[in-house]
Amino acid sequence: MTEGVPVKQVKHPMLDPMTAMRMKKGKIVTAEEAIDLIHDGDTIVTAGFVGAGFAEELAIALKERFLKTGTPRNLTLTYPAGQGDGATKGLNHLAIEGLVGRFICGHTGLTPGLGELANANKILAYNIPMGVLVQLFRDIAAGKPGNLTHVGIGTFCDPRVDGGKLNELTKSQGEDIVTVMNIDGKDYLFYKAFPINVAFLRGTTADPDGNITMEKEALTLDALPMAMAARNCGGIVIVQVERLADRGTLNPREVKIPGIMVDCVVVAKPQNHWQTFGEPYNPAYSCEIKVPMLAIPPLEMGCRKIVVRRAAFELKPNSIVNLGIGMPEGVSRVANEERILEYATLTTESGAIGGLPMGGLDFGAGINMDALIEENRQFDYYDGGGLDIAFLGMAQTDAEGNVNVSKFGPRFTGPGGFIDISQNAKKLCFVGLFTAGGLKITSGDGKLQIDQEGRERKFVRQVEQKTFSGRHAAEMNQSVLYITERCVFSLCEEGLELIEIAPGVDLETQVLALMDFKPVMRKPPKLMDSRIFRLPLMGIKDDLLSIPMEDRFVYHAADNIFFINLENYYMKTSEEIQRMKAIVGKILEPIGKKVHAIANYDNFNVSPHLLDEYVEMVKYAAGFYESVTRYTTSAFLRMKLGDELEKRGVAPHIYESKEEAHKALAGD
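Now for a look at the structure at hand. Just so it is clear, the structure is predicted and the values come from calculations on it, not from any experiment. (Residues numbered from 1 in each chain as written. Predicted model: local features only at pLDDT ≥ 70, side-chain atom pairs only at ≥ 80, totals over all residues. Heavy atoms only, no water.)

### Focus: the overall build of the protein
Across its full length, the protein carries 18 helices and 42 strands. Over its C-alpha atoms the protein spans a radius of gyration of 27 Å, differing by no more than 12% from the 26 Å that the globule rule assigns to 668 residues. Principal-axis analysis of the C-alpha atoms gives the protein an extent of 85 × 75 × 55 Å. Across the 668 residues that make up the protein, the buried fraction comes to 56%. When contacts within the protein are restricted to residue pairs at least 6 apart in sequence, long-range pairs at least 24 apart make up 74% of them. Per element, the accessible surface of the protein, about 28000 Å² overall, is 52% carbon and sulfur. Each charge sign in the protein was given a centre, from 72 positive and 85 negative side chains, and these centres are 1 Å apart. (Helix = DSSP H or I, 4+ residues; strand = E, 2+ residues; numbered from the N terminus. Rg over C-alpha atoms; globule rule 2.2 N^0.38 Å. Buried < 20%, exposed > 50% of the residue type's maximum accessible area, 1.4 Å probe, protein only. Contact = heavy atoms within 4.5 Å. Areas by Shrake-Rupley, 256 points an atom, 1.4 Å probe, with all protein chains shown as cover. Lys, Arg positive; Asp, Glu negative; His and termini not counted. Charge placed at Lys NZ, Arg CZ, Asp CG, Glu CD.)

Right, here's the structure in full:
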């Protein structure tokens, strides 16, 4: 580029559908022509997240062909996330007896018609975790026999429970699609691969060769592995787009589905190509613009806001967070109100990283994102332990700490990504109202008043379906909270322990009397923070970022471990160093023996002129240590502190994570 000369914006020369069909008839076709390629008994995979990325035009065309001709019949639908508006859109078009014979999916709550067919035992019905399913599509594309994972152990997807089978027809006539495999003494679940005959996908722009870009789509989802799976199974790939471009004008880096994997391209009617089911088009969802965060309105005060306000206290600086659909979405709104959103990275299973996730019919989309990746890659990250904390819904909970969000009487909703996320996040916060159906409250003066109790109990003797296994989580030492508007529970080995109660709430009549079991109570529950129940901002930013010096040093006598938390601390004065030295001496000198120390240096910094004095203080503290492990995610700080410590004969190794530090301390 010549200096001073503006870069010319290159636009794709757009083609009308008729011109494109004359150029290359084989790929640019009508929806009706594409649907004619589907046969009885085919398995169709559909992309979509609520409404984002869903090929509405193709679903409508398939429905109309069946209603007109009675074919194709007995199709299998397989899809990971909920694809519908809970009424008429999305896969609700295909909820017709005879058209569908089976579904294998992650979520059915947005397609009540399919749930009704399953409940009436008119079709075979399977729910398996969303993350497992998107990874399974990738495995099918690669010709693998299936997906081997720990996800689903102890839940209704475990074949020792229901094997993901939702109704009596499936249990009596359906094949087993999940088996247990033991490897090196540990149980895993194996989800079997199956052939895919047709893929319904969506993009923004296509050229005559079938290359697909997604510049105006809210999400990229798993269109690519789905296309690969269908083609490698000998099936066909049909892609719905908004517009056509001339051959050779698409930027290869922007092509998300290569033309070699596409058989048919259908140009959709505008009304059938909304960006989400909530918005025809929002440039913020496709990362074309950034939205001023101050313009986002706060949540209205009420039951929901009280719950997510309490949940927001669990956010920690630099944490990677997942928000589930429904009430958990409110955590991001509160975080934005409290101006702490920038200190954590919010993610959704749809592939969004950073920014502010949307809710309702826009769920899955986000604004001001840092990055957008494929669903299967997001779940790879989740499954491997990438999530620090997840906020998920809570419909039913029992004494063992099990949670049900997937089945309520005759209604199936499915787990979505709930199982993948809940079994792999380091910390879990389940959020929900204490009772359901008509709960009314008054707050504002620092207390909670129950004006009308909900009609339905949510803390039951036994959940209807085990979407989350409390026993499995306890065995894995997972940190779990259950947060309601009036009280908070934590998971312990014995089950659910009551640890907090709202000011103004009576323990006996408004908590214990409304539960089908008695929770563990080792001591009287403490009061929830009164700021949660007042109208002004809570001011939790200071709590989040400012930890008193004394609270950064904790000695656990049972393990003889001294924990040092210097996360987000900036050492600016000599007085601070001397104060830290005094605190260490005050705690450790009376113990009379050396201790094992673990120090968190994440985002810690020392003014350069104080580095020598600080390292001398560390050397003083090291005199109390039997062993010490340090960790930080900052490579620069690891090198800088490591070098300075080594110069002074202090153990220099600094680990990259808390887990590495603990393993080193244990000698693993």
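More follows now that the structure is in view.
### Overview of the sheet that holds strand β9 (residues 198–202)
Across the sheet, seven strands lie side by side as β5-β4-β3-β2-β9-β12-β15; this open sheet has parallel pairing. The sheet is open, and its two edges are formed by β5 (124–127) and β15 (264–267), each paired on a single side. Taken pair by pair, the neighbouring strands of this sheet meet at an average axis angle of 20°, ignoring direction. Its contacts with the sheet put helix α7 (residues 223–232) on β2 (43–46), β9 and β12 (236–241), and the angle it makes with β9 is roughly 155°. (Pairing = 2+ DSSP bridges. Axes fitted to C-alpha atoms, helices over the stretch in contact; angles between N-to-C directions.)

### Considerations on the sheet that holds strand β8 (residues 186–192)
With antiparallel pairing, three strands are arranged side by side in an open sheet as β6-β8-β7. Each having just a single partner strand, β6 (146–149) and β7 (178–183) make up the two edges of the open sheet. Here the strands of the sheet are splayed against their neighbours by 30° on average, with no regard to which way each runs. In the sheet, β6 pairs with β8 via four bridges, with the strands oriented antiparallel. Bridging across to β8, Asn147 finds its partner in Tyr191. Where helix α5 (residues 130–141) meets the sheet, its contacts fall on β6 and β8, and the angle it forms with β6 comes to roughly 135°.

### What about the packing of α5 against helix α10 (residues 375–383)?
Where α5 contacts α10, the axes come no closer than 9 Å and their chain directions differ by 120°. Regarding the angle of α5 to α10, the classification is oblique. Between α5 and α10 the crossing geometry is left-handed. In this structure, α5 uses Met130, Gly131, Val134, Gln135 and Arg138 to contact α10, whose residues at the interface are Glu375, Asn376, Arg377, Phe379, Asp380 and Asp383. Taken together, the residues of the contact of α5 with α10 sort by class into three nonpolar, three polar and five charged. (Parallel < 35°, antiparallel > 145°, perpendicular 65-115°, else oblique. Left-handed = near helix turned anticlockwise from the far one by under 90°. Nonpolar A, V, L, I, M, F, W, Y, C, P; charged D, E, K, R; others polar.)

### A closer look at the packing of helix α15 (residues 574–588) against helix α16 (residues 611–622)
Axis separation between α15 and α16 bottoms out at 10 Å; the angle between their running directions is 5°. Here α16 runs roughly parallel to α15, going by the angle between their axes. Every residue of α16 that contacts α15 at Ser574, Ile577, Gln578, Met580, Lys581, Val584 and Gly585 is listed here: Glu613, Tyr614, Met617, Tyr620 and Ala621. Taken together, the residues that form the contact of α15 with α16 break down as seven nonpolar, three polar and two charged.

### Things to note about the pairing of β7
Sheet analysis places β7 next to β8, joined by six bridges and oriented antiparallel. By the bridge assignment for β8, Met181 is matched with Tyr188. Connecting β7 to the next strand, β8, in antiparallel fashion are two residues, including Asp184 with a positive phi near 55°.

### Re empty space enclosed by the protein
The final tally for this structure, using the stated rule, is three cavities of 30 Å³ or more. When its volume is computed, the largest cavity comes out at roughly 110 Å³. Around the largest cavity, the lining comprises 14 residues; the ones closest to its centre are Ile564, Tyr601, Val618, Ala621 and Tyr625. Those elements giving two or more residues to the lining of the largest cavity turn out to be α15, α16 and β41 (625–631). Ranked by residues supplied to the lining of the largest cavity, first place goes to α16 with four residues. Split into classes, the residues belonging to the lining of the largest cavity amount to 13 nonpolar, no polar and one charged. Space inside the second largest cavity adds up to approximately 40 Å³. (1 Å grid on protein atoms, 1.4 Å probe; cavity = no way out; pocket = protein on both sides within 12 Å on 5 of 7 lines; lining within 4 Å. Points joined across faces, edges and corners; volume = space filled by probe spheres on them.)

### Overview of the pattern of salt bridges
Summed over the entire model, instances satisfying the criterion amount to 29 salt bridges. Put simply, Asp380 and Arg377 hold a salt bridge, and the shortest N to O gap is 3.4 Å. With a gap of three residues between them, Asp380 and Arg377 both fall in helix α10, about one helical turn apart. On the basis of relative accessibility, which here comes to 28%, the residue Asp380 falls in the partly exposed class. (Salt bridge = Lys/Arg side-chain N within 4 Å of Asp/Glu carboxyl O.)

### Here we look at the nonpolar core
Counting residues in each nonpolar core, the largest one holds 87 residues, and the members touching the most others are Phe391, Phe430, Phe468, Tyr482, Phe489 and Val511. The residues contacting Phe430, other than those within four sequence positions of it, are Leu392, Gly393, Met394, Val403, Phe418, Ser422, Phe468, Val480, Leu481, Tyr482 and Ile483. Core analysis: the second largest hydrophobic core is formed by 80 residues, Tyr79, Val132, Ile177 and Ala227 among them. (Core = buried A, V, L, I, M, F, W, Y, C linked by side-chain atoms within 4.5 Å.)

### As for the packing of aromatic side chains
The geometry of an aromatic ring pair is captured by two quantities: the separation of the ring centres and the angle between the planes. For the structure shown, the criterion picks out 13 aromatic pairs. With a centroid separation of 5.7 Å and an interplanar angle of 25°, the aromatic rings of Phe418 and Phe430 are classed as stacked. Highlighted residues: Phe418 in helix α11 (residues 418–422) and Phe430 in strand β27 (residues 427–431), separated in sequence by 12 residues. Here Phe418 and Phe430 have matching classes, each one buried. Joined through ring pairs, the aromatic side chains of Phe418, Phe430, Phe468 and Tyr482 make up one cluster. For the cation-ring pair, Lys216 lies above Tyr281, with the distance from its terminal atom to the ring centre recorded as 4.7 Å. (Phe/Tyr/Trp six-rings, centres within 6.5 Å; stacked < 30°, edge-to-face > 60°. Lys NZ or Arg CZ within 6 Å of the ring centre and 35° of its normal.)

### Examining α7
Looking only at α7, the buried set comprises Ala223, Pro225, Met226, Ala227, Ala229 and Ala230. The inward-facing, buried residues of α7 abut β2, α5, β9, β12, β14 (255–257) and α10. Phi turns positive, to about 80°, at Gly234, one or two residues after α7.

### Considerations on the side chain of Thr204
Locating Thr204 in the fold gives a position in the loop between β9 and β10 (205–206). Its relative accessible area of 0% is what places Thr204 among the buried residues. Engagement of the side chain of Thr204 in a polar contact is seen with the side chain of Glu217, the distance being 2.9 Å. Sequence-distant contacts of Thr204, defined by excluding residues within four places in its chain, comprise Thr213, Met214, Glu215, Lys216, Glu217, Val241, Glu242 and Arg243. (Polar contact = N/O pair within 3.5 Å; in protein donor to acceptor, adjacent residues only side chain to side chain.)

### Description of the layout of surface pockets
Unfilled space is identified by rolling a water-sized probe across the atoms. Considering only enclosed or pocket space, the second largest pocket measures out at about 890 Å³ in volume. If you trace the second largest pocket, you find 40 residues lining it, with Ile325, Gly326, Gly393, Ala395 and Val405 closest to the centre. Mapped onto the lining of the second largest pocket, the elements with two or more residues apiece are β22 (389–393), α11 and β31 (456–457). Per-class residue counts for the lining of the second largest pocket are 21 nonpolar, 14 polar and five charged.

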